Amino acid sequence: MKIVVVGAGAMGSLFGGLLAESGHSVTLVDVNAAHLQAIRAKGLHLQTDEGDRYVQGLRACLPSEATEPPELMLVFTKTLHTATALAGVRHLLHPDTHVLSLQNGLGHVEALSQHVAPDRVLIGVTTWPADLAGPGHVHSHGQGVVRMMAADGRDRPFVAAAAQALKQAGLSSTVDTAVWSAIWEKVAFNAALNSICTATQCTVDQLGALADGQALAFTVVDEVLSVARARGVTVRPEACKDRVADAIAHHIGHKPSMLQDMLAGRRTEIEAINGAVVAAAAAHGIAVPCTQTLLHIVRLMEARLAGTAAPAPSVH
Ligand code: NAD
């Protein structure tokens, strides 16, 4: 399969590297010149439980340098860069190109549908972890899965073929029509842990220092999943809270990506996570006070870092 990965940071490089190793034609498209140069010079340095190696044969280029329309475009930018990234690869979108988002948060079907026909949009979720250790160097330890489906819910042969390609690459991928349940449960997990850790600058385990930390996280989970239910999505609050409790008990010293972004002075994915939940809650007339307060705190922190107290994009 001809595959273009747009946003070849930690996750995009992991997926692109594994897909290239399993024989697919992969182009990594990114705007990080140092990362691209390192991959072109030595190959992609990939460290996983399967070993420490350099993956060769990947093309790595800027958006304007990519020329060949793919069958599958995999979008793995941070959510706040999706629109710009898709605009940058508009010229690669052939009528036969399918676009898949496995990004965290909500709003991806709408963002991708701005650029491709709705029947070419694939949506999913992944539990694989990855970190960028330096230019051209990604590590990912532990196991994960990918669950995906056509965004319109139809049974399409290409979706099965794409899931099979990811599976053959070792990414444990399945077509799953219940994917919205998994997406909302992950949003609930992230809305709780990412935003509380960012607002408090606690690592995940430090939320266990007082009973209040876990209680606040559970309240956010309940709020988010009440919105999911209002949208007709079946969700399992107790299973989600078990995962939150497990993370607080075992993710010692872990800084969620939102906290890492804030500490590095970058904008975060708060709008696609808490922001999207608050907007959906408002549309259904549901109160989500803790999720909303955490959204406002993280927005204020971002505004302070940007050196401006500009008004938030919207007030709910
Ligand atoms: P990352 O920051 O490591 O990678 C994003 C990449 O996008 C960067 O290399 C950046 O240069 C690139 N980019 C930014 N603007 C671009 C543009 N206009 N055109 C092309 N490329 C552009 O992020 P990540 O950790 O790989 O996460 C990607 C997504 O996957 C996020 O939504 C994240 O929440 C989700 N996710 C991450 C993990 C994880 O463990 N890292 C796990 C599951 C889901």
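Structure: above.
Residues numbered from 1 in each chain as written. Predicted model: local features only at pLDDT ≥ 70, side-chain atom pairs only at ≥ 80, totals over all residues. Heavy atoms only, no water.

Student: Residue-level account of the pattern of salt bridges, with values.
Tutor: Going through the model one piece at a time under the given rule, you end up with 13 salt bridges. One salt bridge in this structure joins arginine 147 and aspartate 176, with 2.6 Å as the shortest N-O distance. Of this pair, arginine 147 sits in strand β11 (residues 146-150) while aspartate 176 sits in the loop between β12 (173-175) and α6 (179-200), placing them 29 residues apart in sequence. Three or more residues are tied together by salt bridges with common partners; here these are Lys78, Asp261 and Arg266. (Salt bridge = Lys/Arg side-chain N within 4 Å of Asp/Glu carboxyl O. Helix = DSSP H or I, 4+ residues; strand = E, 2+ residues; numbered from the N terminus.)

Student: Pulling in residues and values, what's your account of the nonpolar core?
Tutor: Met73, Trp184, Leu193 and Val224 are the most contacted members of the largest nonpolar core, which totals 64 residues. Looking at which element gives the most residues to this core, the answer is α6, with twelve residues. Here this core spans two domains, and each of domain 1 (2-177) and domain 2 (180-306) adds at least three residues to it. Ignoring anything within four residues of it in the chain, the contact list for valine 224 reads Trp184, Val187, Ala188, Ala191, Val277 and Thr291. Core analysis: the next-biggest nonpolar cluster, separate from the first, contains 39 residues, Val26, Val55, Leu72 and Met148 among them. (Core = buried A, V, L, I, M, F, W, Y, C linked by side-chain atoms within 4.5 Å. Buried < 20%, exposed > 50% of the residue type's maximum accessible area, 1.4 Å probe, protein only. Domains from an automatic or database assignment. Contact = heavy atoms within 4.5 Å.)

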